[in-house]
Amino acid sequence: MFHSVSLLVLRVTLRRPLNPPESVTRHGHVTRPKPGTGIKVHFKDSKGELIKIIEGNEGDDILSLAHEHDIDLEGACEGSIACSTCHVILSPEHYDLLEEPGDDENDMLDMAFGLTDTSRLGCQVILDKKLDGMVCTLPAATRNMFVDGKKPTHH
């Protein structure tokens, strides 16, 4: 009897949400860094106009950060590398710091509208400190080969 009661208490304790530190705000699965402490990403529209400068943490991907900060980057396949709707164009100096895209990403990039030499899928660009100050330009349009009408979300 004591053993099962202990497990019940443990299970209830583990399900209770943990309070995040006061320095962060949570939304979905992205934890916003304390202002001024994160890796800065500059989002621009297809005309080069600044949309927003955001901050992320090491390990965050561009697609999730865009959704977290209400930047219009679609992500129809929810980051599963099955579409090209999160296509972004990176600043050349930051593009060169990334590993080469894998075969799956290259296959999807082949379908992207406005492909450039520094194009990547936002779901595959993972932040680290060397990318601080990176510019992500959104293309003028996207090709959505996924199901029309699907509401984009990221898991």
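Residues numbered from 1 in each chain as written. Predicted model: local features only at pLDDT ≥ 70, side-chain atom pairs only at ≥ 80, totals over all residues. Heavy atoms only, no water.

Under an unreviewed UniProt entry, the protein has the name Ferredoxin and belongs to Thelephora ganbajun.

**Q** Go over the environment of Gly 38, please, and point to the residues and values.
**A** Here Gly 38 lies in the loop between β2 (30–32) and β3 (39–44). As for Gly 38 and Gly 56, which are separated by 18 residues in sequence, their C-alpha atoms are 5.2 Å apart. Setting aside anything within four residues of it in sequence, one finds Gly 38 in contact with Pro 33, Glu 55, Gly 56 and Asp 132. (Helix = DSSP H or I, 4+ residues; strand = E, 2+ residues; numbered from the N terminus. Contact = heavy atoms within 4.5 Å.)

**Q** Any chance you could break down the nonpolar core for me, citing the residues and the numbers?
**A** If you look at the biggest cluster of nonpolar residues, it comprises 26 residues, and the most contacted ones within it are Phe 43, Ile 62 and Met 134. Listing elements by their share of this core, those giving two or more residues are β3, α2 (62–68), β5 (87–90), α4 (103–109) and β7 (134–137). For this core, the element with the highest residue contribution is α2, accounting for four residues. When residues no more than four places from it in sequence are discounted, the contact partners of Ile 62 are Val 41, Phe 43, Leu 73, Val 88, Gly 122, Val 125, Leu 127, Met 134 and Cys 136. (Core = buried A, V, L, I, M, F, W, Y, C linked by side-chain atoms within 4.5 Å. Buried < 20%, exposed > 50% of the residue type's maximum accessible area, 1.4 Å probe, protein only.)

**Q** Please set out the side chain of Thr 85 residue by residue, giving values where relevant.
**A** Relative to the elements of secondary structure, Thr 85 occurs in the loop between α2 and β5. Under the relative-accessibility criterion, Thr 85 is labelled buried at 0%. One polar contact links the side chain of Thr 85 to the main-chain amide nitrogen of Ala 76, over a distance of 2.8 Å. (Polar contact = N/O pair within 3.5 Å; in protein donor to acceptor, adjacent residues only side chain to side chain.)

**Q** Tell me about the side chain of Thr 118, residues and numbers included.
**A** With respect to the helices, strands and loops of the structure, Thr 118 is situated in the loop between α4 and β6 (119–121). Judged by its relative accessible area of 13%, Thr 118 is buried. A polar contact is formed between the side chain of Thr 118 and the backbone oxygen of Leu 90, at a distance of 2.8 Å. Apart from residues lying up to four places away in sequence, Thr 118 is in contact with Val 88, Ile 89, Leu 90, Pro 92 and Tyr 95.

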